[in-house]
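Reading the structure
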Amino acid sequence: MGGAAQELAGAAALQSIRRSLEEKAERLANNRFTIALFGAFSAGKSSFANALIGERVLPVSPNPTTAAINKIMPPDPEEGWPHGTAKVRMKTSERLASDIFYSLEVLGVDVNSMDKALAAIHKLAADQVPGKGKPHYAFLKAVEKGWAEMSPHLGQELRVTADEFGRYAADEAKSCFVELIELYYANPLTEQGVVLVDTPGADSINARHTGVAFDYIKNADAILFVTYYNHAFSHADKEFLLQLGRVKDSFELDKMFFIVNAADLASSAEELEGVVKHVETNLLQHGIRHPRIYPLSSYYALEGKIQEDRETVEQSGILRFEREFVRFTFAELTEMAVRAGDADIRRAADVLQRWMDSARADASERRRQAEALRAALAEAQKRLAAPDTDAEARELSKEIQELLYYVKQRTSYRFGDLFNTAFNPAVFRDDRRDSKTVMQSAWEDLRRMLSFDLNQEVLATTLRIENKINRMAGDASKNWSEAVQSAGIPSFEAPGFEPFKLKTPELNAMLEAADVQPKWLAGFFKNAKQFFEGDGKAELRRELEARLNAPMTRFADTQAAFLEEAYAEQLRSVMQELAARLRQALEEHGEGLLEALEMKIDLNELQAKHGKLLNFIG
């Protein structure tokens, strides 16, 4: 592609195609593939990442419920980040306060300042915290432990060594203050341009990590989900897999890979096959069809690589994954870029051919064509200067309304499952507080889960909206190009369309509380036997479902209006930029045709360029 771009360097009227080729060639030359690792903390994500790298780079923390995002990057000495250095971005004071207030709220403590928050944390006692609140308790106590040392660094960007990196990544008293760590490290993976992102676990307590996870699901070149051999999927795992199932079909390529870690625990091939089948069934239940599943042992893969024991590496199962993963990243993704580049080269060759054909016409015919061309160019540029996109705006609005209607419907279908998760016997058995407090806590938990589910549905919907905008833009490019052709410039062809990267609006809305008072809730619970074996729980479910219908409808309506406003502006920007690109391409195309018609070109030179371009695509 770079060679083809150089061939076009001297042709002023082919610069839009040249720029497109240069961009594609640069992307291929500076291949950067982002791989995002997901999974519960106990799944062994860090161990698997180390096995991929072939070194013990990422620390394995026993309880990293507040883990920061860790990125293993190719070294960048020119920017001052040589091998073995790390950039630690600390949370801002506002971000940390938000995390602390949220965790205290889950534990039933309402504060509005850091002084009060720190005082409240100091008073917390482990035996007063219910089971589901333990991760929040651990986070808050880690904040208390690290406050004196770490709080002065909030909002800063620190430079540390690879040795210090481990402490910021795994020491809870430090990591709870950290937003992101980028470790610049030379290894076989990063040398191929791979950026490996170890995300916080699916069971992270940080509410904001939901949006962070979605950004990586959306933008990463590949998604690896790691689960531990024979571990049941947790509620958090299932929610994450459900989100993967929601968005899987929105991507041009299937970029999801599923790792069953610690496969060496299988006592037989039949047992291993049963576990893999169980994982496959679970994925299918969450909307993930035809998953690529790889059972392997991170422990033996890493040990084998460190000791350069090929047999151990082979037996670990990681080589099959690596072979197929390399085929995906360095074949399928590269092939897409090459195909797009070939299309640009063909387009340039076609344009040159038309110019040569025009130059070979007789003088009177060339004068007539030039006069007609100038008139057609003026008319076409006038149309593209102010394109009418009202129809696209109306179509997008209708699409968003329909999508948000189904968001509410799907969450309504899940209400029963979420209700049973919030109001289950284990919650009431493990929580030592009085039943009125436990009922209120279970209701707040249900409201958080419903809000989470609604927000996840809306996030998944944003991908469909963005795909819709890009489809409309692609159609508009084609239609505008055809209009230019029918207006008297049949040789014009729009530049190859590449989807626009659109910004996902930040979502974290909370479902309204509805008319649910503690006394009213407590009225459904006389004792555990009456509530769970009698009709108390069933009656509460019916009442809550009815009371939540209106708030859920308002939530969907509010989010629809919010998305309409956010994406209407992006649609306008996309269409304006698209029209500007077409105007430039048309101007360059017209200039080339006029030069040919006025014999301002060297036919032999064009012929030579044309032949060389054809050689680039075989």
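Relevant structure appears above.
Read on for an overview of the structure.

1. Some remarks on the pattern of salt bridges
Inspection of every chain in the model, using the stated rule, returns 29 salt bridges. Lys-478 is paired through a salt bridge with Glu-482; the nearest N and O atoms lie 3.9 Å apart. Here Lys-478 and its partner Glu-482 are both found in helix α18 (residues 435-486), four residues apart, which amounts to about one turn of the helix. In this structure, Glu-533 engages Lys-529 in a salt bridge whose closest nitrogen and oxygen atoms are separated by 3.1 Å. Placement of both Glu-533 and Lys-529 in helix α20 (residues 528-533) is noted, with a separation of four residues, approximately one turn of the helix.

2. With respect to the pairing of strand β4 (residues 157-161)
Residue alternation in β4 divides its side chains into a buried set, Leu-158 and Val-160, and an unburied set, Glu-157, Arg-159 and Thr-161. Of the pairings in the sheet, the one linking strand β3 (residues 85-90) to β4 comprises five bridges and is antiparallel in character. The residue of β4 that forms the bridge with Lys-87 is Arg-159.

3. Description of the pairing of strand β8 (residues 256-261)
Across the six residues that make up β8, a large majority, six, are buried. Here β8 shows a buried face lined by Met-256, Phe-258 and Val-260 and a second buried face lined by Phe-257, Ile-259 and Asn-261. As defined by bridge partners, strand β7 (residues 222-228) adjoins β8 across six bridges and the pair is classed as parallel. Paired with Val-226 across the two strands is Ile-259, which belongs to β8. Viewed along the sheet, the connection from β7 through helix α10 (residues 235-247) into β8 turns out right-handed. As paired strands, β8 and strand β9 (residues 293-295) are joined by three bridges and run parallel to one another. The residue bridging Phe-258 from the neighbouring strand is Ile-293, located in β9. Read from β8 through helix α11 (residues 269-285) to β9, the crossover connection turns out right-handed.

4. Quick notes on the nonpolar core
Core analysis: the largest hydrophobic core is formed by 102 residues, its most contacted members being Phe-423 and Leu-446. Top element by residues in this core is α18. It accounts for 19 residues. The contact partners of Leu-446, leaving out residues within four places of it in the chain, are Phe-415, Leu-418, Phe-419, Ala-422, Phe-423 and Leu-544.

5. Examining the side chain of Asp-198
With respect to the element layout, Asp-198 can be found in strand β6 (residues 194-198). A distance of 3.1 Å separates polar atoms of two side chains, one belonging to Asp-198 and the other to Ser-46. If we skip the residues at most four places from it in the chain, Asp-198 touches Leu-37, Lys-45, Ser-46, Leu-58, Ala-68, Ile-69 and Asn-70.

6. Overview of the packing of α10 against α18
Contact geometry of α10 with α18 gives a least axis separation of 9 Å together with a crossing angle of 25°. Between α10 and α18, the angle falls in the class roughly parallel. Note that α10 runs across α18; the crossing there is right-handed. Of the residues in α18, those in contact with His-235, Glu-239, Leu-242, Gln-243, Arg-246 and Val-247 of α10 are Met-449, Phe-452, Asp-453, Gln-456, Glu-457, Leu-459, Ala-460, Leu-463 and Arg-464. Along the lines of polarity and charge, the residues of the contact of α10 with α18 split into seven nonpolar, three polar and five charged.

Reading the values: rules and limits
Residues numbered from 1 in each chain as written. Predicted model: local features only at pLDDT ≥ 70, side-chain atom pairs only at ≥ 80, totals over all residues. Heavy atoms only, no water. Salt bridge = Lys/Arg side-chain N within 4 Å of Asp/Glu carboxyl O. Helix = DSSP H or I, 4+ residues; strand = E, 2+ residues; numbered from the N terminus. Buried < 20%, exposed > 50% of the residue type's maximum accessible area, 1.4 Å probe, protein only. Pairing = 2+ DSSP bridges. Right-handed = clockwise from strand over helix to strand, strands pointing away. Core = buried A, V, L, I, M, F, W, Y, C linked by side-chain atoms within 4.5 Å. Contact = heavy atoms within 4.5 Å. Polar contact = N/O pair within 3.5 Å; in protein donor to acceptor, adjacent residues only side chain to side chain. Axes fitted to C-alpha atoms, helices over the stretch in contact; angles between N-to-C directions. Parallel < 35°, antiparallel > 145°, perpendicular 65-115°, else oblique. Left-handed = near helix turned anticlockwise from the far one by under 90°. Nonpolar A, V, L, I, M, F, W, Y, C, P; charged D, E, K, R; others polar.

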